[in-house]
Amino acid sequence: MATPCNLAPFINQEFYITGWWGEPRGTHIHAGLDLATGGINNVYNMKDGYVIYQDANGTDGSGYGPNIIIQSLDGTTWLYGDLSPFTPFTLNQFIPKG
């Protein structure tokens, strides 16, 4: 069952947790946290960083759907997955926080 939560800084919208880190998923353990808002919303980058990977249409077979990975200036990587298809970014493109 979805759990209602407060605002998330990367979607700036009320959301529900629909998949938990460590949750059994048939053949594997879920390695992420799934959030849903019930609608299409913008996603906001957590920290200044650079695009290191993207799959704008969700065709890479990773299971993340359309996704982008941004590496922050401190080396932390952020994977934003299960997005709606998006216009591709340029690899190494700087993406500011927000």
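Shown above is the structure to which this text applies.
As the structure is a prediction and not an experimental result, all values here were calculated from the model.

Thresholds applied
- Residues numbered from 1 in each chain as written.
- Predicted model: local features only at pLDDT ≥ 70, side-chain atom pairs only at ≥ 80, totals over all residues.
- Heavy atoms only, no water.
- Patch = residues over 30% accessible without salt bridge, like charges linked within 9 Å, V, L, I, M, F, W, Y side chains within 5 Å.
- Areas by Shrake-Rupley, 256 points an atom, 1.4 Å probe, with all protein chains shown as cover.
- Salt bridge = Lys/Arg side-chain N within 4 Å of Asp/Glu carboxyl O.
- Helix = DSSP H or I, 4+ residues; strand = E, 2+ residues; numbered from the N terminus.
- Buried < 20%, exposed > 50% of the residue type's maximum accessible area, 1.4 Å probe, protein only.
- Contact = heavy atoms within 4.5 Å.
- 1 Å grid on protein atoms, 1.4 Å probe; cavity = no way out; pocket = protein on both sides within 12 Å on 5 of 7 lines; lining within 4 Å.
- Points joined across faces, edges and corners; volume = space filled by probe spheres on them.
- Nonpolar A, V, L, I, M, F, W, Y, C, P; charged D, E, K, R; others polar.
- Pairing = 2+ DSSP bridges.

Caption draft 1: Region of the structure containing a nonpolar patch on the surface. A cluster of nonpolar side chains, namely Tyr50, Leu73 and Phe94, defines an oily patch on the protein surface of about 300 Å² accessible area. Mapped onto the fold, Leu73 is located in the loop between β7 (67-72) and β8 (77-80).

Caption draft 2: Inspection of the environment of Leu83 at higher detail. Along the chain, the position of Leu83 falls in the loop between β8 and β9 (94-95). For Leu83, a relative accessible area of 22% puts it in the partly exposed group. Along the chain, Leu83 and Asn67 lie 16 residues apart, while their C-alpha atoms are 6.0 Å from each other. Not counting the four nearest positions on each side in its chain, Leu83 is found in contact with Val43, Pro66, Asn67 and Ile68.

Caption draft 3: Main features of unusual backbone geometry. Look at Asp82: it is not a glycine, yet its phi comes out positive at around 55°. On the secondary structure map, Asp82 appears in the loop between β8 and β9. Residue Asp82 is classed as exposed on the basis of its relative accessible area, which comes to 51%.

Caption draft 4: View of the layout of surface pockets. Taken as a whole, the largest pocket holds about 1,300 Å³ of empty space. Lining the largest pocket are 42 residues, and of these Leu79, Tyr80, Gly81, Asp82 and Leu83 lie nearest its centre. When contributions to the lining of the largest pocket are tallied by element, the ones reaching two or more residues are β4 (28-29), β5 (34-36), β7 and β8. Residue composition of the lining of the largest pocket, grouped by class: 23 nonpolar, 16 polar and 3 charged.

Caption draft 5: Up close: the sheet that holds strand β6 (residues 49-55). Read from one edge to the other, the open sheet built from 4 strands follows the order β8-β7-β6-β9, with strand pairing classed as antiparallel. Taken across any chain shown, the strands that pair with only one partner, and hence form the sheet edges, are β8 and β9. As paired strands, β6 and β9 are joined by 2 bridges and run antiparallel to one another. Bridged to Gly49 within β9 is Ile95.

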